[in-house]
There are 2 protein chains.
Amino acid sequence: MTELWVIHYSTGYCSVRKGARVPTVSDVAARAGVSTATVSRALNGKPTVDPDLAARVRQAADELGYQPNGPARNLRRQEAAVVALIISDVENPFFTAIARGVEDVAHEVGYSVVLCNSDESVEKENRYLDIAIQERVAGVILSPSGPTSTVAKLAARGTAYVAVDRPLPGQDSDVVLVDTRLAAREATAHLIAQGYERIGCVTGPAGVRTADDRLAGYRDALKAARRRTSKLVRRTEYKAAGAHRAALDLLAQPEPPDALLIANSAMAVGVLQALQERGVRPGRDVGLVAFDDAPWAALVDPPLSVVAQPAYELGAVAARLLLARIADPARPPTATTLGARLIKRASSRRP
Amino acid sequence: MTELWVIHYSTGYCSVRKGARVPTVSDVAARAGVSTATVSRALNGKPTVDPDLAARVRQAADELGYQPNGPARNLRRQEAAVVALIISDVENPFFTAIARGVEDVAHEVGYSVVLCNSDESVEKENRYLDIAIQERVAGVILSPSGPTSTVAKLAARGTAYVAVDRPLPGQDSDVVLVDTRLAAREATAHLIAQGYERIGCVTGPAGVRTADDRLAGYRDALKAARRRTSKLVRRTEYKAAGAHRAALDLLAQPEPPDALLIANSAMAVGVLQALQERGVRPGRDVGLVAFDDAPWAALVDPPLSVVAQPAYELGAVAARLLLARIADPARPPTATTLGARLIKRASSRRP
DNA sequence: GTGAAAGCGCTAACAC
DNA sequence: GTGTTAGCGCTTTCAC
């Protein structure tokens, strides 16, 4: 990325005009020869408008290129058909799949979705929560970045919200989760069954619920197999770089692991890089199972065993719950848990 | 994903209150014993307000949990510190990297970014353009989904916009591109130099400029090497599924390709799957170069040669141009072209 | 330095 | 059915 070259040249004069006056209801009303109220009614499809007038209004609006002013409308209506989705990493396919699920459901009922990237930072998350409140969105779906998320503000204002992938501590909100602890346990049990002896775990930061749960499931399985709890656990940010460091550290131990449970696909990239650098062959020297069935997982050498999570469904369910809560703020909150699926490939088959 | 199980249960009563009245400037004013005008001035950091009063106002605002009403403010100010970013695929790492670039620059100057996913559909793109106009965003950055994008609306209203990754046909707007034709030419020349004979190309839909350019660069290289233009070209949507079909089709030809130029990383996944299914070994039987240096590219077997594009920089530059245009609508539009870099790995080394 | 008042564009009462 | 009017919450002249 260092040897970029850049051409910068002007391509002429720009057609953007500052003075362009934006037409309003009054302009449309004047052109159609009716009142602003009629314009509003006609354009919003209210049935109490004479069809002829409505047609005249629509034509006038078209001719003027009228587009309603959203902020004004929302100010008046005291509500907007917009939901905010705050996720912790736009570059993580797991979260973008959630986003697709949310989008599809929201669009079906005419809601827009604005995507906010909290970048696993509680600070940015709070900033976006404030923005969501200030923009008076109808609801918020979020995957909390840490244990200290301050969604209390949302509750205090009566803004609907749903937690996705990670629960909100001390909040009885709607929540959609994956049974990730069980999945981690099954994945670890699979590694044990394959005869691996020193199974390690690379998971996310303490306080991030999915990271804690995956670690707990890993320990469940070791305990059930009467292994002593391993010292081969590393916790780092949910990204390739952190996992890369963690894997190098583990490989440098006097008794390095012969298998690893990895808590997401970005981390899997870091671990695989580290193994490559150290000349350790995945599958042969070190068994691997990673969370998230990334599109490339079956293409690496050897194909990577994964825990496939229903990310799209997670988003879709969260969106439905949010819409339900917007419609009825008094409904009792629900918790939904979706199952994950272990896909066994060559990276976890004992040679 | 079929064998999901779902637990649905109530977790108690929800704390969301519908009646919660949201405090306004008037409430703050009353509590601080000043006028609404002073509240506004104090909260916006205007220097013409007595420090003591300002402190009182801030305290009152805190106590009430006051959050300004965004739509109302924007309505009054006739502008919002928000830019819309319309990209054609949120699940494509290339575009999410662009998004990060845009975000980082925008946040530096206090702008928010709303991300819209047009899903390579001109229809959705237009829908989002309408929404952007209606929400009266300060500007729009978009990667047009097709040749018929109707950004004309933006120009007509005087809304600032910048095209990223793909130009807008017939618009002299600001634009930030990658010299993708040259990159494709270099990648193809590299395959030729390695001694591959029947080099094919899997690229995106006709009318999508990057797809056309990559194809053109490919042909440039063949022509320069005095090869007759190959019939081994397939065009499909910019996704794994389309590329998968295209690759299967190419492999079934009487004279199948012995090398392929692939127009993005999602397509590379589809091609690699197809090769795997047919027992064709990448690198040995078929040389490969793909656009986009996905994190996993070096991890597949053999490591994938790629054309690395400066996606983050693309977004960052686009954001800077947009901010400049918002500040000065009359400035002449510029075109910026960034270079790409060929990274040669084993998938394109002739055995 | 501060307050009173107007008004951004729209919709929803309320008249007619 | 349609028009008149008030007002959503905020900022910003304009007086003082």
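Read on for a plain summary of the structure. Everything quoted here is computed from the prediction, not taken from an experiment.

Residues in close proximity to DNA strand C total 25 residues, the closest being Val25, Tyr66 and Arg76 of chain A together with Thr38 and Asp50 of chain B. What you see for DNA strand C is that sugar and phosphate hold 67% of its atoms within 4 Å of the protein. Residue Ser35 of chain B places a side-chain N or O atom 3.1 Å away from a phosphate oxygen belonging to DNA strand C. Mapped onto the surface near DNA strand C, the elements with two or more residues apiece are helix H2 (36–43) and helix H4 (70–77) of chain A together with helix H2 (36–43) and helix H4 (70–77) of chain B. The leading source of residues in the surface near DNA strand C is H2 of chain A, at four residues. Considered class by class, the residues forming the surface near DNA strand C number 10 nonpolar, nine polar and six charged.

All names here are of chain A. The residue Gly207 is located in the loop between strand S7 (199–203) and helix H9 (209–224) in this model. Residues Gly207 and Leu323, 116 residues apart in the sequence, show an inter-C-alpha distance of 29 Å. If we skip the residues at most four places from it in the chain, Gly207 touches Gly146, Pro147, Asp212 and Arg235.

Of all residues adjacent to DNA strand D, which total 26 residues, the nearest are Thr38 and Asp50 of chain A together with Val25, Tyr66 and Arg76 of chain B. Take Thr38 of chain A: an N or O atom from its side chain is 2.5 Å from a phosphate oxygen of DNA strand D. In the environment of DNA strand D, a base nitrogen lies 3.4 Å from a nitrogen or oxygen atom belonging to the backbone of Ala72 of chain B. Those elements that provide at least two residues to the surface near DNA strand D are H2 and H4 of chain A together with H2 and H4 of chain B. Of the residues belonging to the surface near DNA strand D, the class tally is 10 nonpolar, nine polar and seven charged.

Residue and element names in this part refer to chain A. On inspection of all chains with the given rule, the structure shows two aromatic pairs over all chains. Aromatic side chains Phe94 and Phe95 sit 5.1 Å apart centroid to centroid with 70° between the ring planes, which places their arrangement in the edge-to-face category. Overall, the relative accessible area of 8% leaves Phe94 in the buried class. Given a relative accessible area of 3%, Phe95 falls into the buried group. Its end group placed over the ring of Phe291, Arg214 keeps NZ or CZ at 4.3 Å from the ring centre.

Turning our attention to the environment of Ala243 of chain A. Residue and element names in this part refer to chain A. Position of Ala243 relative to the elements: it lies in helix H10 (residues 240–251). Separated by 40 residues in sequence, Ala243 and Thr203 place their C-alpha atoms 8.1 Å apart. In this view, Ala243 contacts Val202, Thr236, Met267, Gly270 and Val271; residues no more than four positions away in its chain are not counted.

Turning our attention to helix H12 (residues 311–327) of chain B. Residue and element names in this part refer to chain B. The end-to-end C-alpha separation of H12 is 25 Å, in line with the 24 Å expected for 17 residues at 1.5 Å each. Within H12, burial applies to Ala311, Leu314, Gly315, Ala316, Val317, Ala318, Ala319, Leu321, Leu322, Leu323 and Arg325. On its buried face, H12 sits against strand S2 (82–87), helix H5 (93–108), strand S4 (139–142), strand S5 (160–164), strand S6 (174–178) and strand S12 (334–338).

All names here are of chain A. Strand order in the open sheet formed by six strands is S8-S7-S9-S10-S11-S13, with mixed pairing between adjacent strands. Edge positions in the sheet fall to strand S8 (233–235) and strand S13 (341–343), since each has one partner strand and no second. With direction set aside, neighbouring strand axes in the sheet form an average angle of 15°. Pairing of strand S9 (residues 259–262) with strand S10 (residues 287–291), which is carried by four bridges, proceeds in the parallel orientation. Across the sheet, the residue bridging to Leu260 is Leu288, located in S10. Sheet strands touched by helix H8 (residues 180–193): S7, S9, S10, strand S11 (305–308) and S13. Its angle to S10, the strand with the most contacts, is close to 170°.

Rules of the game
- Residues numbered from 1 in each chain as written.
- Chains lettered and ligands numbered in written order.
- Predicted model: local features only at pLDDT ≥ 70, side-chain atom pairs only at ≥ 80, totals over all residues.
- Heavy atoms only, no water.
- Near = heavy atom within 4 Å.
- Polar contact = N/O pair within 3.5 Å; in protein donor to acceptor, adjacent residues only side chain to side chain.
- Helix = DSSP H or I, 4+ residues; strand = E, 2+ residues; numbered from the N terminus.
- Nonpolar A, V, L, I, M, F, W, Y, C, P; charged D, E, K, R; others polar.
- Contact = heavy atoms within 4.5 Å.
- Phe/Tyr/Trp six-rings, centres within 6.5 Å; stacked < 30°, edge-to-face > 60°.
- Buried < 20%, exposed > 50% of the residue type's maximum accessible area, 1.4 Å probe, protein only.
- Lys NZ or Arg CZ within 6 Å of the ring centre and 35° of its normal.
- Expected span 1.5 Å × (residues − 1).
- Pairing = 2+ DSSP bridges.
- Axes fitted to C-alpha atoms, helices over the stretch in contact; angles between N-to-C directions.

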